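# Observations on the model geometry
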Amino acid sequence: MKIYTKTGDKGQTALYGGTRVSKASARVDSYGNIDELNSFIGISKSHITDEEVLKQLKKIQFDLFTVGSEAATPVDKLMLANGKSRLPLIISDTEIEELENWMDAFEDKLEPLQYFILPGGGKSATFLHAARTICRRAERSLVFLNESEEVRPELIKYLNRLSDYLFVLARYISKINNEPEEYWNPNER
């Protein structure tokens, strides 16, 4: 089987379930942003050595494929004719709570925030900050999609929590790598 199909040469693509849409549609944009986020988390992983963090990020990448597969599926195609779900997995409150628990554990090891943090704090932390901003874009694109087509709220909630996780993780990685954080303090211009 060849990787290229030539079916998208005219600017159309097939969603999960077979519906063909423009590659410029809100749905395609949303799962494209999720795919970009997943790739950027992979870049971040290549600069991290902490085994527990790498395990968490691998799980997040897996979960992002789950989010992306649902974002690529119109709501009317989520269920098969036999009443079973088209998708083998969906994001639930369990994955959202997992992110919250990981964040809480990292925050217990960090100094409380007093100022906004400038994105940076070493190479791995900087990539995590960039992943956080891509995550925010992915979240905004799902919210935009939800204005015209239904999106399960758990998907938006997951991305919202994930961006917080990436922020806290960037701070944690800076700390364990002894990389100083830089602050945005308007009084020190």
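Throughout, residues of each chain are indexed from 1 in the direction in which the sequence is written. It should be noted that, the model being predicted, local features are given only for residues of pLDDT at least 70 and side-chain atom pairs only at 80 or more, the latter also being counted only at that level, while totals for whole chains, interfaces and linings use all residues. With hydrogens and water excluded, all non-hydrogen atoms of the structure serve as input to the side-chain values.

### Some remarks on the overall build of the protein chain
Labels follow the DSSP assignment, with helices taken as runs of H or I lasting at least four residues and strands as runs of E lasting at least two, numbered in each case from the N terminus. What the protein chain contains, in helices and strands, is 5 helices and 4 strands. Walking the protein chain from its N terminus toward its C terminus, one meets helices and strands in the order β-β-α-α-α-β-α-α-β. For the protein chain, the C-alpha atoms occupy an extent of roughly 55 × 35 × 35 Å along the three principal directions. Burial status across the protein chain gives 41% buried among its 189 residues. The contact rule is simple, with two residues in contact once any of their heavy atoms fall within 4.5 Å. A separation of at least 24 residues holds for 73% of the contacts in the protein chain among residues at least 6 apart in sequence. Residue exposure ignores everything except the shown protein chains as possible cover, and the areas themselves are Shrake-Rupley values with a 1.4 Å probe. If you sum the accessible surface of the protein chain, you get close to 11,200 Å²; carbon and sulfur atoms cover 53% of it. Counting rule for charge: Lys and Arg are taken as positive, Asp and Glu as negative, and neither His nor the chain ends is counted. In plain terms, the charge of a residue is placed at NZ if it is Lys, CZ if Arg, CG if Asp and CD if Glu. Looking at the protein chain, you have 25 positive and 29 negative side-chain charges, and the mean spots of the two groups are 9 Å apart. Type-normalised accessible area, obtained with a 1.4 Å probe on protein chains alone, sets the label of each residue: buried when under 20%, exposed when over 50%, and partly exposed for intermediate values.

### Let's talk about the pattern of salt bridges
A pair is scored as a salt bridge if a Lys or Arg side-chain nitrogen falls within 4 Å of a carboxyl oxygen belonging to Asp or Glu. Within the structure shown, the criterion is met by 11 salt bridges. Between Glu139 and Arg136 there is a salt bridge, with its nearest N and O atoms 3.1 Å apart. Separated by 3 residues within a single helix, Glu139 and Arg136 lie in helix H4 (residues 123-146), roughly one turn from each other. Residue Arg171 pairs with Glu181 through a salt bridge whose shortest N-O separation is 2.9 Å.

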